[in-house]
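Okay, here's what each chain looks like letter by letter:
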Amino acid sequence: MLVIDNYIKDNTFLRDLRNDEFWNTMANANWWDGWWNKKSKNICEQFIEIVWKQFTNVENKVAGFEYWSNIHQAGGGLNWHVDKDEKLMKEKKEVVMPNVGLVYYAISEGLEGGYLEIANSPDRNNVEPSKIERLKPIENRLIMFNPSYPHRVSPIAGGKRRAIIVNAWPKKPYTFQESEKYSRNNK
């Protein structure tokens, strides 16, 4: 796992990542073939290029990136889950997961709760509370981790949390074979 605070240094880019228009127009789940295949078409893809170029030489290792945003407020949170090829699971009951992903907190205002909690074991049915990594959602914080390990967003008692989530896939998921967009509400 990698955690970097104050990740984005460019104030203009940071402002654009926090812009309400970006958050109001972001589709649920998106696919991008990567900068080596297609030019970025939005701020999120520009962000992906910045991050992944800095940390890894992915051009020959991944097919591209799945990305989406989460906006959580009081009463929100997410139960324990693993990131997986959603459509493949729904239609064929097969579980295929990425092994590297990230969460980036663009906005964290007056937040009570909303921690990213990651199990230290891939066993989704046996998450031990004493073996959970708990990370506070701090604005401009980048967290890279293995999203095939169970993780969740703890309940939020107050405030607002906006995050960008990106998974790098070695093979394009079945979910995106027909379209570069997928509604996660279709689970």
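Look up a bit, the structure's there.
Definitions and cut-offs
Residues numbered from 1 in each chain as written. Predicted model: local features only at pLDDT ≥ 70, side-chain atom pairs only at ≥ 80, totals over all residues. Heavy atoms only, no water. Pairing = 2+ DSSP bridges. Helix = DSSP H or I, 4+ residues; strand = E, 2+ residues; numbered from the N terminus. Axes fitted to C-alpha atoms, helices over the stretch in contact; angles between N-to-C directions. Polar contact = N/O pair within 3.5 Å; in protein donor to acceptor, adjacent residues only side chain to side chain. Contact = heavy atoms within 4.5 Å. Buried < 20%, exposed > 50% of the residue type's maximum accessible area, 1.4 Å probe, protein only. Salt bridge = Lys/Arg side-chain N within 4 Å of Asp/Glu carboxyl O. Arc of directions from axis to C-beta.

Chemist: Requested: an account of the sheet that holds strand β7 (residues 132-135), with residues and values cited.
Modeler: Judged by pairing direction, the sheet is antiparallel, and its four strands sit side by side in the order β4-β9-β6-β7 without closing on themselves. Looking along the sheet, the strands with just one partner apiece sit at the ends: β4 (78-81) and β7. For this sheet, the mean inter-axis angle between neighbouring strands, taken without regard to orientation, is 15°. The pairing of β4 with strand β9 (residues 151-153) spans two bridges and is classified as antiparallel.

Chemist: Residues and numbers for the side chain of N167, please.
Modeler: Mapped onto the fold, N167 is located in strand β10 (residues 156-169). Within the structure, the side chain of N167 is placed 3.0 Å from the side chain of D83, a separation counted as a polar contact. Non-local contacts of N167, meaning those with residues more than four positions away in its chain, are made with G64, F65, E66, W68, D83, P98, V100, G101 and P147.

Chemist: Residue-level account of the pairing of strand β3 (residues 64-73), with values.
Modeler: Counting buried residues in β3 gives eight out of 10 residues, a clear majority hidden from the surface. Two strands pair when backbone bridges link them, and strand β2 (residues 29-32) and β3 are joined in this way by three bridges, in the antiparallel orientation. Bridged to N30 within β3 is Y67. Pairing between β3 and β10: 10 bridges, direction antiparallel. When the bridges of β10 are listed, Y67 appears paired with V166.

Chemist: Describe in detail the pattern of salt bridges, supporting the description with residues and values.
Modeler: On inspection of all chains with the given rule, the structure shows 14 salt bridges. One salt bridge in this structure joins K38 and D33, with 3.5 Å as the shortest N-O distance. A salt bridge links R152 to E117; the shortest N-O distance between them is 2.5 Å. With a gap of 35 residues between them, R152 in strand β9 and E117 in strand β6 (residues 116-119) connect regions that are remote in the sequence. When salt bridges that share partners are traced, they join D33, K38, K41, E45 and E180 into one network.

Chemist: Can you lay out helix α1 (residues 11-18) for me, pointing to particular residues and giving the numbers?
Modeler: Within α1, burial applies to F13, L14 and L17. Take α1 and look down its axis: the buried residues cluster within an arc of 100°, on one side only. Facing away from the buried side of α1 by over 90 degrees, the exposed positions are N11 and R15. In this fold, the buried residues of α1 make contact with α2 (20-25), α3 (43-55), β5 (100-113) and β10. Capping of α1 at its N-terminal end is provided by D10; its side-chain oxygen lies 2.9 Å from the backbone amide nitrogen of T12.

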